Amino acid sequence: MNLPFEPQRQTQDYQASDAAHHIHAFVDQKALNAEGPRVMVRGEGLYLWDSEGKRYLDGMSGLWCTQLGYGRKDLTAAAAAQMDQLAYYNMFFHTTHPAVIELSELLFSLLPGHYSHVIYTNSGSEANEVLIRTVRRYWQVLGKPEKKIMIGRWNGYHGSTLAASALGGMKFMHEMGGLIPDVAHIDEPYWYAQGGDLTPAEFGRRCALQLEEKILELGAQNVAGFIAEPFQGAGGMIFPPESYWPEIQRICRQYDVLLCADEVIGGFGRTGEWFAHQYFGFEPDTLSIAKGLTSGYLPMGGLVLSKRMAEALVERGGVFAHGLTYSGHPVAAAVALANLKALRDEGIVRQVKDDTGPYLHKLLHEVFGNHPLIGEIQGTGLLAALQFVEDKGTRKRFANENDLAWQCRTFGFEEGVIIRSTLGRMIMAPALVASRAELDELVDKTRIAVDRTARMAGKL
Ligand code: PXG
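Residues numbered from 1 in each chain as written. Predicted model: local features only at pLDDT ≥ 70, side-chain atom pairs only at ≥ 80, totals over all residues. Heavy atoms only, no water.

Q: Can you help me understand the nonpolar core in this one?
A: What tends to happen in soluble globular proteins is that the nonpolar side chains get buried as a cluster. Leu107, Phe226 and Leu340 are the most contacted members of the largest nonpolar core, which has 108 residues in total. For this core, the element with the highest residue contribution is helix α14 (residues 330-345), accounting for ten residues. Both domains that meet at this core, namely domain 1 (38-71 + 347-456) and domain 2 (74-345), each give it at least three residues. In this structure, Val130, Val135, Val183 and Leu303 belong to the second largest nonpolar core, which totals 23 residues. (Core = buried A, V, L, I, M, F, W, Y, C linked by side-chain atoms within 4.5 Å. Buried < 20%, exposed > 50% of the residue type's maximum accessible area, 1.4 Å probe, protein only. Helix = DSSP H or I, 4+ residues; strand = E, 2+ residues; numbered from the N terminus. Domains from an automatic or database assignment.)

Here it is as structure tokens:
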């Protein structure tokens with residue numbers, strides 16, 4: 001049990017010092033300084049407490065990462081034991097260590113058999129940085145150095161560092177210095193907003209065919225890979241139509257373009273499968289991983305490679321001039337190992353698939369299926385999005401949908417639940433250890449927040 005935290009300082013004191021020293025993520029810092037951030041001081045299971053003693057049910061697993069919830073003593077014990085044993089060593093200059101080896105043995109026992117190698121990083125952004133160089137190196141080794149261009153998707157998210165933000169499709173990030181050459185984008189498969197009169201299946205195929213058109217426009221001989229999240233996370237928790245992934249896979253195979261799945265959010269049980277590409281039924285060449293790998297307890301990510309790619313790099317590549325000081329960090333590796341063992345041995349991924357996932361979605365359909373503000377409920381496993389809509393018949397969205405969603409999120413905080421808002425969509429991704437009772441509470445408090453928003457929008 002994590003002991004209650006007695007703040008030694010006033011909340012305002014923390015906030016003043018925070019304002020004096022920090023540039024926070026994706027926010028108008030001046031406005032945040034005036035408002036003062038919430039100061040989170042303690043976590044236990046699915047619950048968080050702030051410095052005022054208010055308790056929240058965390059419906060977002062931190063930032064989609066605390067698969068096991070907060071306060072797991074097996075993870076802290078694993079970190080402490082590894083720190084005592086060997087707090088740091090690296091994978092440079094002909095060395096390795098047991099923690100990272102044992103982690104990889106377990107990781108590859110959980111992955112489909114056609115993956116064999118991994119390059120560890122500290123984050124998801126870094127995994128995608130490493131991806132670009134690794135993919136380009138792979139094509140060099142195969143004698144096709146001109147295959148350099150990566151294709152991503154508008155509204156995709158692959159991280160905040162330079163190349164990762166370029167791979168992503170957030171235009172406002174590109175405009176703030178976040179673009180590199182040799183990156184192109186195609187549309188996202190967001191049927192509800194962009195599908196027009198097409199059926200979801202038609203629209204899914206149409207979006208996938210854009211990849212073929214883009215490859216032909218750029219020249220297949222110049223295209224190295226296509227990167228996408230199996231479902232879009234930060235961009236709104238958007239599920240593609242079923243027709244999408246099979247067609248994307250066909251196109252990548254046909255034009256010899258590597259299929260790179262960003263599993264940073266989808267990996268480690270979120271969908272009820274170990275990895276989201278298994279849920280959607282396709283076979284990527286690379287997987288970018290992070291977040292749930294350690295349940296967020298320590299920073300760690302990685303780029304997983306197929307046997308085909310690894311074989312080329314290892315057997316034919318010679319030196320790959322690439323390495324990170326903290327790649328495979330022993331303490332992070334020990335925590336990741338304990339985390340994956342718990343997810344496996346406690347049957348948590350199976351429980352999400354067979355029990356809590358279906359339970360959450362049944363509940364959401366009961367509560368929001370006919371709700372005047374909600375046009376669509378998407379998701380699977382412990383992952384859900386509620387789409388706000390002004391007119392269900394035409395799928396017309398509110399002009400101020402972003403403000404409405406932000407307001408809904410604020411109502412959620414007031415009610416003691418943390419849900420994520422994006423453009424007109426509310427997202428839930430609770431820890432995978434959530435019980436049915438906790439999911440009841442999550443949905444109930446979310447309903448109150450959504451009802452309050454609906455009243456504001458004149459829908460209730
Ligand atoms: N890929 C994907 C698919 C992600 O979602 C990253 C890469 C980058 O990972 P790092 O570890 O560098 O942050 C992410 C991160 C949100 C939110 O509110 C999502 C992320 C990060 C922060 C907030 O949806 N995803």
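Right, picking up where we left off after that structure.
Q: Would you take a moment to explain the packing of aromatic side chains for this structure?
A: In this description, a pair of aromatic rings is defined by centroid distance and the angle of the planes. Within the structure shown, the criterion is met by 14 aromatic pairs. Residues Phe26 and Tyr157 carry aromatic rings whose centres are separated by 6.3 Å and whose planes lie at 65 degrees to one another, so their mutual orientation is edge-to-face. With a gap of 131 residues between them, Phe26 in the loop between α1 (11-21) and α2 (29-35) and Tyr157 in the loop between β5 (149-153) and α7 (162-167) connect regions that are remote in the sequence. Phe26 gets classed as exposed once you look at its relative accessible area, which sits at 54%. (Phe/Tyr/Trp six-rings, centres within 6.5 Å; stacked < 30°, edge-to-face > 60°.)

Q: Please explain helix α4 (residues 73-86) as it appears in this structure.
A: The end-to-end C-alpha distance of α4 is 20 Å, a good match for the 20 Å that 14 residues give at a rise of 1.5 Å each. Considering only its buried residues, α4 is in contact with α5 (98-110) and α14. (Expected span 1.5 Å × (residues − 1). Contact = heavy atoms within 4.5 Å.)

Q: Where do I start with the site of the ligand in this structure?
A: Within the structure, the ligand sits among 16 residues, and Trp64, Gly124, Ser125, Asp262 and Arg420 are positioned closest to it. Contact between the ligand and Lys291: a nitrogen atom at 3.3 Å from a side-chain N or O atom of the residue. Within the side chain of Arg420, one N or O atom sits 2.5 Å away from an oxygen atom of the ligand. Taken by itself the ligand offers 540 Å² of open surface, and the protein chains cover 82% of this. Breaking the shell around the ligand down by element, the ones donating at least two residues are α3 (61-64) and α6 (124-141). Residues of the shell around the ligand, tallied by class, amount to six nonpolar, six polar and four charged. Shared between two domains, the shell around the ligand holds at least three residues of each, these being domain 1 (38-71 + 347-456) and domain 2 (74-345). (Near = heavy atom within 4 Å. Polar contact = N/O pair within 3.5 Å; in protein donor to acceptor, adjacent residues only side chain to side chain. Areas by Shrake-Rupley, 256 points an atom, 1.4 Å probe, with all protein chains shown as cover. Nonpolar A, V, L, I, M, F, W, Y, C, P; charged D, E, K, R; others polar.)

Q: Sorry if this is basic, but what is going on with the environment of Gly416 here?
A: With respect to the helices and strands, the residue Gly416 is situated in the loop between α16 (401-415) and β13 (417-418). The class for Gly416 is buried, based on a relative accessible area of 3%. Once the C-alpha coordinates of Gly416 and Glu212 are considered, the two residues, 204 residues apart in sequence, prove to be 46 Å apart. If we ignore the near neighbours within four places in the chain, the residues touching Gly416 are Lys54, Arg55, Tyr56, Leu57 and Lys445.

Q: What am I meant to see in the domain arrangement of the protein chain here?
A: Accessible area lost upon the coming together of the parts is a frequently used measure of interface size. Split into domains, the protein chain comes out as domain 1 (38-71 + 347-456) and domain 2 (74-345). Computed over C-alpha atoms, the centres of domain 1 and domain 2 are 26 Å apart. Listed as interface residues are 37 residues of domain 1 and, on the opposing side, 34 residues of domain 2. Where domain 1 abuts domain 2, roughly 2,900 Å² becomes buried across the two surfaces, and 56% of that area is made up of carbon and sulfur atoms. The largest per-residue losses of area from domain 1 upon contact with domain 2 belong to Trp64, Val349 and Arg395, which jointly make up 25% of the total buried on that side. Counting across the domain 1 and domain 2 interface gives one salt bridge. Of all elements in the fold, only α3, α15 (348-368), β11 (374-379), β12 (384-388), β14 (420-422) and β15 (425-428) reach the threshold of two or more residues within the side of domain 1 that touches domain 2. Looking at the side of domain 1 that touches domain 2 residue by residue, the class counts come to 18 nonpolar, 13 polar and six charged. (Buried area = accessible area lost by both parts, 1.4 Å probe. Salt bridge = Lys/Arg side-chain N within 4 Å of Asp/Glu carboxyl O.)

Q: Honestly, the pairing of strand β1 (residues 40-44) in this entry has me stumped. Any pointers?
A: Walk down a regular strand and you will see the side chains alternate between the two sheet faces. Relative to strand β2 (residues 47-50), β1 runs antiparallel, the two being bridged by four bridges. Paired with Gly43 across the strands is Leu48, a residue of β2. The hairpin turn running from β1 into β2, its antiparallel successor, is two residues long, and Gly45 in that turn takes a positive phi close to 60 degrees. (Pairing = 2+ DSSP bridges.)

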